[in-house]
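# Structure assessment
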Amino acid sequence: MKSLLILILVLQSSICFSQTKQNEEQNINAIIQSKTLSQEAITALVSDWKSFLIDYGIFPELPYNKNNNEIEYTIIKSYEFNKDVIMNRILEWSALNFGSLDAVLHYKNEETGKIILKGSFPITHREDFINFWGNKKETLDTKECFQTYTFTIKNNKLKIQVTNISYEYRASAYTIGSNYYPSYTYKFGMNSLYPITSYEKVKWKENLNMLEQTGNSITYLVEKLDTYIKDYSSDYSF
């Protein structure tokens, strides 16, 4: 009962709720109710989570889809151009940002105004690690992030959906003594990063910052696309 009271106090003192933040608090509640941890471990978990939130700052707002338990992005934009112009500008923007269209374009239907393509970008994120002396330190790491973009054009409106977000990390080869460890590639989906509180606390910052930086990068790309489409007239005013 005392542990539940501690959690309630944490919830009451929290600000700027987002769906995924609520999920984290629900996960802590589930851990408490499962009775798999001792009273001391529960108290430490709740205290560590509260301290982490204070140290991290504002919890990022992430678009969580409760129907499939995944983070997904849906953005709608309006333009003064017709469907053909919008579609062509999307394809041009895609080639500029993701490379050869032959490699990234998976579907295009001019009649229905639909484009589906696969994109990627690197994200650099913060993470904690425990050094040789057992002290927690912060460092930066970079992973490649992959996404599926579904563009739907209706009249002069554009709906952008970003789904199937995943990551790829390539670990370098290294040698310890006479033992050689080859490089390897590790792939994992965005939904494996949460609930954050299901991981060891040393992983909390890495997982949350990966989610935050991914959202920032997607927002930046969408704004670049929006600007590129709007610049259609100026591109041809010569």
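See above for the structure.
First, a word on what this report is: a plain description of the structure on this page. These numbers were taken from a predicted model, which means no experiment stands behind them. Along every chain, residues carry numbers that run from 1 in the direction the sequence is written. Note on the predicted model: pLDDT of at least 70 is required for a residue's local features to be given, and 80 or more for side-chain atom pairs to be given and counted; whole-chain, interface and lining totals, by contrast, use all residues. Computation of side-chain values covers all heavy atoms of the structure but excludes hydrogens and water.

## As for the overall build of the chain
To qualify as a helix, a DSSP run of H or I must reach at least 4 residues; to qualify as a strand, a run of E must reach at least 2; elements of each kind are numbered from the N terminus. Counting secondary structure elements, the chain contains 7 helices and 10 strands. Oriented by its inertia axes, the alpha-carbon framework of the chain measures out at about 70 × 55 × 30 Å. With a 1.4 Å probe rolled over the protein chains alone, any residue whose accessible area is under 20% of its type maximum counts as buried; one over 50% counts as exposed, and the rest are partly exposed. When burial is assessed residue by residue, the chain has 38% of its 238 residues classed as buried. Here the chain displays about 13800 Å² of accessible surface, and carbon together with sulfur accounts for 52% of that area. Separation of charge centres in the chain, based on 25 positive and 27 negative side chains, amounts to 4 Å. Here the Shrake-Rupley method, with its probe set to 1.4 Å, supplies the accessible areas, and only the displayed protein chains count as covering residues. Just so you know, the count uses Lys and Arg for positive and Asp and Glu for negative, and it drops His and the chain ends. To locate a charge, the coordinates of NZ of Lys, CZ of Arg, CG of Asp or CD of Glu are taken.

## Examining the side chain of Ser-94
If you trace the backbone, Ser-94 turns up in helix H4 (residues 83–98). A relative accessible area of 0% places Ser-94 in the buried class. Of note is the side chain of Ser-94, whose polar atom sits 2.7 Å from the backbone oxygen of Ile-90. Residue contacts follow a heavy-atom distance rule, with two residues in contact if any of their heavy atoms lie within 4.5 Å. Sequence-distant contacts of Ser-94, that is, excluding residues within four places in its chain, are made with Gly-99, Leu-101 and Leu-117. Nitrogen and oxygen atoms within 3.5 Å of one another constitute a polar contact, given that in protein one can donate a hydrogen and the other can accept it, and given that sequence-neighbouring residues count only through two side-chain atoms.

## Structural notes on unusual backbone geometry
Cis geometry marks the peptide bond from Tyr-194 to Pro-195, where omega comes out at 0°. Within the secondary structure layout, Pro-195 lies in the loop between strand S10 (184–189) and helix H6 (204–230). Look at Asn-69: it is not a glycine, yet its phi comes out positive at around 60°. Mapped onto the elements of the fold, Asn-69 is located in the loop between strand S1 (64–65) and strand S2 (70–71). Judged by relative accessible area, which is 44%, Asn-69 ranks as partly exposed. At Asn-155, a position not held by glycine, the phi torsion is positive, near 60°. Considering the arrangement of structural elements, one finds Asn-155 in the loop between strand S6 (136–154) and strand S7 (157–171).

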